[in-house]
Amino acid sequence: MPAVNKILSKCIVEEEEDCLKSADELLTMVDQAIPGLRSPGQRLDASLPWLCHVCGKGHYSANPIYSDLTLDVHVAGRLNKWGLDLYVCDVCRHAELFLNNMSANRASNPF
Ligand SMILES: [Zn+2]
């Protein structure tokens, strides 16, 4: 949706100088937005590029700096540790977290 909002912000304006100057500029913006609109940030396959659903320009990749992330979850007075994978967009730095298969306490992983 940010891509559509960006286009609309250049088409629906109060001041003429804030508006796109030509249909060619609009076409360029629409052409740039289409790939992101066709695959709105869904992670379909780990082997395919994963387009950022925030900026629509960058792609997520695993961040090795945070390869040992865990989440401590307290349930009914008991501590559970879940392993997490962190993916970061290479343009806007938006981050997504997923529970990984190496969860420290898999029995406590509800997923
Ligand atoms: Zn991004």
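Rules and cut-offs
Residues numbered from 1 in each chain as written. Predicted model: local features only at pLDDT ≥ 70, side-chain atom pairs only at ≥ 80, totals over all residues. Helix = DSSP H or I, 4+ residues; strand = E, 2+ residues; numbered from the N terminus. Buried ≥ 20, exposed ≤ 12 C-beta atoms within 10 Å, placed from the backbone. Contact = placed C-beta atoms within 7 Å. Pairing = 2+ DSSP bridges.

(A) Focus on the environment of Ile34. With respect to the element layout, Ile34 can be found in helix 2 (residues 23–38). In the structure, Ile34 is positioned 31 residues away from Ala3 in sequence and 8.8 Å away in space, judged by C-alpha atoms.

(B) Main features of the environment of Leu79. Assignment of secondary structure puts Leu79 in strand 4 (residues 78–89). Its 10 C-beta neighbours within 10 Å are what place Leu79 among the exposed residues. Setting aside chain neighbours within four positions, we find Leu79 in contact with Asp72 and His74.

(C) Region of the structure containing the pairing of strand 3 (residues 69–75). Two strands pair when backbone bridges link them, and strand 3 and strand 4 are joined in this way by seven bridges, in the antiparallel orientation. In the strand pairing of strand 4, Asp72 is matched with Lys81. In this structure, the hairpin formed by strand 3 and strand 4 is closed by a connection of two residues, where Ala76 is found at a positive phi of approximately 50°.

Shape is all these values report; function is a separate question.
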